[in-house]
Structures are given as C-alpha cells and as structure tokens.
Amino acid sequence: VCILGGTAFRNGDSKALVEAIAAKLGKLTDVKMKFVTGGMKGVQEAFAKSCGDGSRVWNLLPVGESSGYGTGTDINAGKDLDERKIIFGLLGDIYISVEGGP
C-alpha cells in the first residue's frame, strides 16, 4: 500500500484522518501488508508515525536522502525525485491519497 499526499495539511480534519487510517491498518496483523511512503513531510510522515511500531513501513527516497521520520525503514531508489516518483508508481497494489500530492 503506497501512501501519497500533500506536504502540508490544508484541512483541519486531514491529519486526524491520516492518523486514524494508519493506526487501523497498522493493527491488521492477519494480513501481509506493507506500507510505502515517499519519505516526505505532511501526509506521508503522519502516516508513518501513526502506523504501529513502524516495522511494516518503508520510506522510498532518492539515493543519498533520508526521511528523518525516526520510524520505518528508509530505502533509496532513483537518482532524483523524478526517478523516485516513477519507481514509487510501480510498487503499489493500492494507493491511498489524502489532500493530493506534492
């Protein structure tokens, strides 16, 4: 499951929605579900920090970059943001988007 969304929250309810979705999905232990963010602030960071212990969260970033989330596992792919976006688009079976994208 790939997580997309704005780098800042514009709607006051959006952060709580993202945190609730992440908490609920993070508790699903009977399914083999992994979560991938793009390592960006806003929606993706809120999801990663609210998704259980972070052991099923992967933060996909361009080579040499890190998310700074303190949760999940940072992995690198693509020489820059454009390449990382292409790779991100190939990974998920499901994409969750809140407040658009960056």
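Relevant structure appears above.
Notes on the structure follow. (Residues numbered from 1 in each chain as written. Predicted model: local features only at pLDDT ≥ 70, side-chain atom pairs only at ≥ 80, totals over all residues. Heavy atoms only, no water.)

**A word on the overall build of the protein chain**
Stage number 1. In terms of helices and strands, the protein chain carries 3 helices and 5 strands.
Stage number 2. Reading the secondary structure of the protein chain in the N-to-C direction produces β-α-β-α-β-β-α-β.
Stage number 3. Against the globule reference of 13 Å for 102 residues, the protein chain gives a C-alpha radius of gyration of 13 Å, in line with a compact fold.
Stage number 4. Counting over 102 residues, the protein chain shows a buried share of 40%.
Stage number 5. With an accessible surface of roughly 5700 Å², the protein chain has 55% of that area assigned to carbon and sulfur atoms.
Stage number 6. Distance between charge centroids for the protein chain: 4 Å, based on 12 positive and 12 negative side chains. (Helix = DSSP H or I, 4+ residues; strand = E, 2+ residues; numbered from the N terminus. Rg over C-alpha atoms; globule rule 2.2 N^0.38 Å. Buried < 20%, exposed > 50% of the residue type's maximum accessible area, 1.4 Å probe, protein only. Areas by Shrake-Rupley, 256 points an atom, 1.4 Å probe, with all protein chains shown as cover. Lys, Arg positive; Asp, Glu negative; His and termini not counted. Charge placed at Lys NZ, Arg CZ, Asp CG, Glu CD.)

**Looking at the side chain of threonine 37**
Stage number 1. The topology assignment puts threonine 37 in strand S2 (residues 35-37).
Stage number 2. You can call threonine 37 buried: its relative accessible area is 0%.
Stage number 3. Within the structure, threonine 37 has its side chain in polar contact with the backbone nitrogen of glycine 39 (distance 3.0 Å).
Stage number 4. A polar atom in the side chain of threonine 37 sits 2.7 Å from the side chain of asparagine 59. (Polar contact = N/O pair within 3.5 Å; in protein donor to acceptor, adjacent residues only side chain to side chain.)

**A few points about the nonpolar core**
Stage number 1. Grouped together as the largest cluster of nonpolar side chains are 15 residues, with contacts concentrated most on Val18, Phe35, Phe47 and Cys51.
Stage number 2. Among the elements of the structure, helix H1 (14-26) and helix H2 (43-50) are those that each provide at least two residues to this core.
Stage number 3. If sequence neighbours within four positions are ignored, valine 18 has contacts with Phe9, Val43, Ala46, Phe47 and Val98. (Core = buried A, V, L, I, M, F, W, Y, C linked by side-chain atoms within 4.5 Å. Contact = heavy atoms within 4.5 Å.)

**With respect to the environment of lysine 85**
Stage number 1. Within the secondary structure, lysine 85 sits in helix H3 (residues 81-91).
Stage number 2. A residue is classified by how much of its surface remains accessible, and lysine 85, at 40% relative accessible area, is partly exposed.
Stage number 3. With 40 residues separating them in the primary sequence, lysine 85 and glutamate 45 have C-alpha atoms 17 Å apart.

**Quick word on the pattern of salt bridges**
Stage number 1. Taken as a whole and judged by the stated rule, the model has 4 salt bridges.
Stage number 2. Among the ionic pairs, lysine 41 bridges to glutamate 45, the shortest N-O distance being 3.9 Å.
Stage number 3. Here glutamate 45 falls in the buried class, since its relative accessible area comes to 13%.
Stage number 4. Taking the shortest distance from any N to any O, the salt bridge between glutamate 45 and lysine 49 comes out at 3.0 Å. On the criterion of helical spacing, the pair formed by glutamate 45 and lysine 49 is a turn pair, its members being 4 residues apart in helix H2.
Stage number 5. Among the ionic contacts, a cluster of salt bridges with common partners joins Lys41, Glu45 and Lys49. (Salt bridge = Lys/Arg side-chain N within 4 Å of Asp/Glu carboxyl O.)

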